[in-house]
Every structure is written in C-alpha cells, then in structure tokens.
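# Secondary and tertiary structure notes
Now for the letters of each chain:
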Amino acid sequence: MIQTHPNDPPLTGAEAAKVAWLIARMTKRGLAGEQVDQSDLQKKLDRILDGARKRAEKAAAAAEK
C-alpha cells in the first residue's frame, strides 16, 4: 500500500499508477491554460480515492471483529 498524503487512504499499486497518470494529464491540461476544463479528470481521481477509502474502512471494520 502506498500512502500519498496523510488525509488520503492507502492506495494499491494500480491505484497509485492511475492517480499518477491522471495528475500528469491534469498538469498537461493546466499548461494549456486556466480556461481548460479538468472536471472529468477530477471526477476520476475522486472515484479512485473514494474506492480506496471504502476499502480501507472495510479492512478496518474486519480487523476489529
């Protein structure tokens, strides 16, 4: 598991690779200008982090049992 930020859940290797790819794409779009829409990439990033957060909560609940 990879911890990217203290507030973010731990990511698997595949999730970390997807996050890195999305951030690279967002950076590239950012270079094009501030008027470029990045909401689609942000939604994908949010979905990955939400899935990781749910998995971490499930693992924590299973460890408590």
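Scroll up to find the structure.
Residues numbered from 1 in each chain as written. Predicted model: local features only at pLDDT ≥ 70, side-chain atom pairs only at ≥ 80, totals over all residues. Heavy atoms only, no water.

## Examining helix α2 (residues 39-64)
This is how it is decided: Elements are defined by DSSP. Helices are runs of H or I of four residues or more, strands are runs of E of two residues or more, and each kind is numbered from the N terminus. A helix's residues, less one, multiplied by 1.5 Å, set its expected span. Partly exposed describes any residue whose relative accessible area lies between the buried limit of under 20% and the exposed limit of over 50%, with all areas from a 1.4 Å probe on protein chains only and scaled to the type maximum. Note on contacts: a residue pair qualifies if any of its non-hydrogen atoms lie within 4.5 Å across the two residues.
The end-to-end C-alpha distance of α2 is 37 Å, a good match for the 38 Å that 26 residues give at a rise of 1.5 Å each. Along α2, the residues that are buried comprise Leu41, Leu45, Ile48, Leu49 and Ala52. At its buried positions, α2 is contacted by α1 (13-32).

## Remarks on the pattern of salt bridges
Note the cut-off: We define a salt bridge as a contact between a side-chain nitrogen of Lys or Arg and a carboxyl oxygen of Asp or Glu at a distance within 4 Å.
Summed over all chains, the structure comprises 3 salt bridges. Glu15 is the partner of Arg55 in a salt bridge, and the nearest nitrogen-oxygen pair spans 2.8 Å. One end of the pair, Arg55, is in helix α2; the other, Glu15, is in helix α1, and 40 residues separate them in sequence. The partly exposed category is assigned to Arg55, whose relative accessible area is 29%. The partner of Arg29 in a salt bridge is Asp40, with the nearest N and O atoms 2.7 Å apart. Placement of the pair is Arg29 in helix α1 and Asp40 in helix α2, with a sequence separation of 11 residues.

## With respect to a positive patch on the surface
Defined as follows: To count toward a patch, a residue needs a relative accessible area above 30% and no salt bridge. Like charges then connect within 9 Å, nonpolar side chains (Val, Leu, Ile, Met, Phe, Trp, Tyr) within 5 Å. Shrake-Rupley sampling with a 1.4 Å probe provides the accessible areas, and residues are treated as covered by the protein chains on show and by no other component. His is not counted, nor are the chain ends, whereas Lys and Arg count as positive and Asp and Glu as negative. For the purpose of locating charges, the reference atoms are NZ of Lys, CZ of Arg, CG of Asp and CD of Glu.
Together, Arg25, Lys28, Lys43, Lys44 and Arg47 give the surface a local cluster of positive charge. Mapped by element, the contributors of at least two residues to the positive patch are α1 and α2. If one sorts the elements of the positive patch by residue count, α2 sits on top with 3 residues.

## A short note on the nonpolar core
Heads up, the condition is: By nonpolar core we mean a set of buried residues, namely Ala, Val, Leu, Ile, Met, Phe, Trp, Tyr and Cys, connected to one another through side-chain atoms within 4.5 Å.
Residues Leu11, Ala16, Val19, Leu22, Met26, Leu41, Leu45, Ile48, Leu49 and Ala52 constitute the largest nonpolar core, which totals 10 residues. Within the residue set of this core, elements represented by two or more residues are α1 and α2. Ranked by the residues each element gives to this core, the list is headed by α2, at 5 residues. For Ala52, the residues in contact, after removing those within four places along its chain, are Pro9, Pro10, Leu11 and Glu15.

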